[in-house]
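Below, each chain spelled out in residue letters.
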Amino acid sequence: MPFYKEILLAACAIVCMSSLKAQSLDLIPAPANYSVQDGKIDLYKGVSLNSEIPPTAMKAYRFLRFTTHFGYFLRLGNKSVSLRFVEDKLLAEKAFKLISDVQGIEVSANSESGFFHASQTLSQLIEMKDNRKFPLFKIEDAPAFSWRGLHLDVSRHFFPVAEVKKILKAMCFYRLNVFHWHLTDDQGWRIEIKRYPELTRIGSSRSGTLLGHASLKPLIRDNTPYSGFYSQEEIRSVVSFADSLGITVVPEIEMPGHAQAAVSAYPWLGLTGRNPGVWTDWGVSSFILSPKDSVFTFLENVLTEVLELFPSKYIHIGGDEAIKDQWKASSFVQAKIKELGLKDEHELQSWFIRRIEKFLNSKGRQIIGWDEILEGGLAPNAAVMSWRGEAGGIQAARMNHPVVMSPGNPLYFDHYQSENHSEPLAIGGLNQLQKVYAYHPLPDSLKASEKDWILGAQGNLWTEYIAGSDQLEYMAFPRAIALAELTWTKKDKKDYPDFLRRLEAHRKVLKRMDLNFRDWKNE
Ligand code: TNX
């Protein structure tokens with residue numbers, strides 16, 4: 001072939017490819033199916049509602065109208081673009097169809113969440129595209145998983161309501177729908193409980209914070225008092241804000257371990273009679289709750305207030321890393337184990353969790369706990385959050401229990417994102433963007449019927465080494481965006497190079513959201 005022909009062919013390939021790319025909507029997460037047609041509509045002519053809004057679409061409409069830029073176009077004159085919400089009983093429960101053509105925009109779904117997902121997609125398109133030339137398209141989409149979660153530890157470091165809401169907004173933009181709020185731990189109790197004011201008066205303040213990495217001896221602390229908690233009023237405002245964004249807030253109240261802050265507030269909750277003070281170090285404290293009746297009364301009273309604040313079906317009760325030394329050393333606890341006919345401390349932990357489960361079930365809620373709740377026997381209705389790899393999740397799914405996959409490798413966002421020396425001090429590990437993106441929540445070893453128990457996956461932001469909002473956003477983004485795609489988009493539609501291309505198209509929106517994301521080009 002003559003040389004010039006090769007050049008011509010190559011040039012044609014480039015032109016063809018770029019025109020293909022121009023057809024991309026750059027949505028994240030990637031939709032199941034979509035096509036783009038030639039032509040544009042101009043939203044600045046004004047958008048008018050062209051039909052009654054079905055009750056199931058009200059939440060989606062309110063979101064579009066009050067929370068997104070779409071509301072702007074609904075206010076304009078002339079109104080030559082129509083907006084229709086159509087209930088389509090043939091669509092799967094959480095699915096939707098979105099059509100934009102010269103007549104206007106049509107949103108079809110079969111449920112409140114279906115309409116809501118459609119409105120989130122529409123709002124992302126509005127943010128991404130030039131509104132004077134809004135594209136013509138047809139999108140059919142549905143989430144692969146129902147639990148698309150992000151966790152935030154506010155005990156080790158506290159994050160103000162404004163920052164929490166900023167994270168929620170970004171979650172909504174990428175259709176993450178569960179915010180797991182880790183509210184209590186050894187280093188601080190962060191939720192106001194009216195009946196037990198010492199929990200926050202004492203338990204929310206520590207006398208200092210570790211400087212440097214916990215593995216470096218000697219340990220050096222800054223001796224600067226550190227405190228913070230959310231009033232119930234603030235919690236309510238976060239929960240209702242999240243709800244308007246289609247996000248469920250799942251609170252976590254840690255038990256029986258990770259309880260040093262609680263024991264500092266009320267030493268009778270523990271076993272030593274000693275007030276250990278709120279912990280100033282990182283790691284796992286040995287202060288554990290006593291399995292006595294008055295502690296259960298305390299927990300039930302705390303949970304009663306928690307249930308009033310959080311309408312979520314699931315309540316996270318922790319259950320992880322409960323060091324049993326104080327249980328082993330206590331003659332009261334040893335007698336209790338005997339009296340209950342239990343084998344050991346693991347069975348006592350299981351008994352403890354079952355008792356709390358019974359209480360929460362009686363209030364119409366379900367418990368979810370870290371995979372240690374499998375040890376000594378899983379409570380009958382519990383869901384399991386698998387963090388020490390996938391083994392706990394696999395075991396629970398085989399026992400027909402709901403599971404959320406959150407393996408430290410690769411879904412812990414407190415781990416390093418690259419081997420560059422420029423990364424800020426982190427706890428350890430290495431979970432790069434590509435590794436996060438490649439994760440699939442359904443282990444091959446499960447049978448199809450067992451896979452049905454996997455609700456989805458979650459990224460966790462433990463904050464021992466994340467002391468402020470800038471660093472929090474740096475650790476969370478763009479990994480949480482990869483998480484959004486791996487939990488929403490079916491496996492066969494995932495494509496990392498294309499994800500990176502779309503992410504590039506999102507750069508300006510991430511900047512507009514004022515997120516201090518890590519630049520994925522810095523590899
Ligand atoms: C383990 S994950 C913990 C947390 C730490 C985290 C640090 C889990 C249930 N427990 O208490 O913050 O590792 O990565």
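Residues numbered from 1 in each chain as written. Predicted model: local features only at pLDDT ≥ 70, side-chain atom pairs only at ≥ 80, totals over all residues. Heavy atoms only, no water.

## Focus: the packing of aromatic side chains
Right, so step 1: Scanning the model with the defined rule gives 28 aromatic pairs in all.
Right, so step 2: Between Tyr61 and Phe85, the aromatic rings sit 6.2 Å apart at their centres with planes inclined by 90 degrees, giving edge-to-face as the arrangement. Note that Tyr61 is positioned in helix α2 (residues 58-67) and Phe85 in strand β3 (residues 81-87), a separation of 24 residues in sequence.
Right, so step 3: The class of Phe85 is buried, set by a relative accessible area of 4%.
Right, so step 4: Grouping aromatic residues by their ring pairs yields a cluster made of Phe158, Phe179, Trp181, Tyr230 and Phe310. (Phe/Tyr/Trp six-rings, centres within 6.5 Å; stacked < 30°, edge-to-face > 60°. Helix = DSSP H or I, 4+ residues; strand = E, 2+ residues; numbered from the N terminus. Buried < 20%, exposed > 50% of the residue type's maximum accessible area, 1.4 Å probe, protein only.)

## Observations concerning the sheet that holds strand β4 (residues 96-101)
Right, so step 1: Reading across the sheet, the six strands line up as β1-β6-β4-β5-β3-β2 and stay open at both edges, with mixed pairing between neighbours. Only two strands of the sheet have a single neighbouring strand rather than two, namely β1 (33-41) and β2 (47-49). Geometrically, the sheet is characterised by an average inter-axis angle of 20 degrees between neighbouring strands, direction not taken into account.
Right, so step 2: Both β4 and strand β6 (residues 134-141) contribute to a ladder of five bridges, which runs antiparallel. What sits directly across from Ser100, in β6, is Phe137.
Right, so step 3: Helix α4 (residues 112-128) rests against β3, β4, β5 (104-109) and β6 of the sheet, and its axis sits at about 40 degrees to β4. (Pairing = 2+ DSSP bridges. Axes fitted to C-alpha atoms, helices over the stretch in contact; angles between N-to-C directions. Contact = heavy atoms within 4.5 Å.)

## So, the layout of surface pockets
Right, so step 1: Roughly 710 Å³ of volume is contained in the largest pocket.
Right, so step 2: In terms of lining residues, the largest pocket is bounded by 27 residues, among which Asn177, Val178, Gly246, Ile247 and Thr248 are the most central.
Right, so step 3: Taken together, the elements giving at least two residues each to the lining of the largest pocket come down to α4, β7 (147-153), α7 (232-244) and β15 (248-255).
Right, so step 4: Counting residues per element, the lining of the largest pocket draws most heavily on α4, which supplies five residues.
Right, so step 5: Each residue belonging to the lining of the largest pocket can be placed in one class, and the counts come to twelve nonpolar, eight polar and seven charged.
Right, so step 6: Viewed by domain, the lining of the largest pocket spans two of them, domain 1 (20-141) and domain 2 (147-522), each represented by three or more residues. (1 Å grid on protein atoms, 1.4 Å probe; cavity = no way out; pocket = protein on both sides within 12 Å on 5 of 7 lines; lining within 4 Å. Points joined across faces, edges and corners; volume = space filled by probe spheres on them. Nonpolar A, V, L, I, M, F, W, Y, C, P; charged D, E, K, R; others polar. Domains from an automatic or database assignment.)

## Examining the packing of helix α5 (residues 161-173) against helix α17 (residues 469-476)
Right, so step 1: Packing of α5 against α17 leaves a shortest axis separation of 11 Å and a crossing angle of 20 degrees. With respect to α17, the element α5 is oriented roughly parallel. Crossing hand, α5 versus α17: right-handed. Residue-level contacts link Glu163, Lys166 and Ile167 of α5 to Ser469, Leu472 and Glu473 of α17.
Right, so step 2: In terms of residue class, the contact of α5 with α17 is made up of two nonpolar, one polar and three charged. (Parallel < 35°, antiparallel > 145°, perpendicular 65-115°, else oblique. Left-handed = near helix turned anticlockwise from the far one by under 90°.)

## Quick notes on the domain arrangement of the chain
Right, so step 1: Here the domain parsing of the chain yields domain 1 (20-141) and domain 2 (147-522).
Right, so step 2: In this structure, domain 1 and domain 2 have C-alpha centres spaced 35 Å apart.
Right, so step 3: With 22 residues of domain 1 in contact, the opposing surface of domain 2 contributes 24 residues.
Right, so step 4: When the two sides are added together, the surface that domain 1 and domain 2 hide from each other amounts to roughly 2100 Å², 57% of it contributed by carbon and sulfur.
Right, so step 5: Ranking the residues of domain 1 by area buried against domain 2 places Ile28, Pro29 and Met128 at the top, with a combined share of 30%.
Right, so step 6: The interface formed by domain 1 and domain 2 holds four salt bridges in total. (Buried area = accessible area lost by both parts, 1.4 Å probe. Salt bridge = Lys/Arg side-chain N within 4 Å of Asp/Glu carboxyl O.)

## Observations concerning the site of the ligand
Right, so step 1: Taken together, Arg156, His258, Asp320, Glu321, Trp370, Trp387, Tyr412, Asp414, Ile427, Trp462 and Glu464 make up the full set of residues near the ligand.
Right, so step 2: Note that a nitrogen atom of the ligand is positioned 3.3 Å from one of the side-chain N or O atoms of Glu321.
Right, so step 3: For the ligand, the protein covers 92% of the area, taking 370 Å² as the surface of the free molecule.
Right, so step 4: Residue composition of the shell around the ligand, grouped by class: five nonpolar, one polar and five charged. (Near = heavy atom within 4 Å. Polar contact = N/O pair within 3.5 Å; in protein donor to acceptor, adjacent residues only side chain to side chain. Areas by Shrake-Rupley, 256 points an atom, 1.4 Å probe, with all protein chains shown as cover.)

## Re the nonpolar core
Right, so step 1: Within the largest apolar cluster, 117 residues are counted, with the highest numbers of intra-cluster contacts made by Trp181, Ile191, Leu199, Tyr230 and Phe310.
Right, so step 2: Here this core gets nine residues from one element, more than from any other, and that element is helix α9 (residues 293-309).
Right, so step 3: Both domains that furnish three or more residues to this core are identified here as domain 1 (20-141) and domain 2 (147-522).
Right, so step 4: When sequence neighbours within four positions are dropped, the list of residues in contact with Tyr230 reads Val154, Phe158, Phe159, Pro160, Val161, Val164, Trp181, Leu183, Arg190, Ile191, Glu192 and Ile235.
Right, so step 5: Counting 32 residues, the second largest nonpolar core, distinct from the first, contains Ile41, Leu43, Ala57 and Phe134. (Core = buried A, V, L, I, M, F, W, Y, C linked by side-chain atoms within 4.5 Å.)

## Examining the pairing of strand β17 (residues 366-370)
Right, so step 1: Of all five residues that make up β17, four are buried, and the element is covered over most of its length.
Right, so step 2: Where strand β16 (residues 314-318) meets β17, three bridges bridge the pair, whose relative direction is parallel. Looking at β17, one finds that Tyr314 is bridged to Gln366.
Right, so step 3: Taken together, the three bridges between β17 and strand β18 (residues 383-386) define a ladder with parallel strand orientation. When the bridges of β18 are listed, Gly369 appears paired with Val384.

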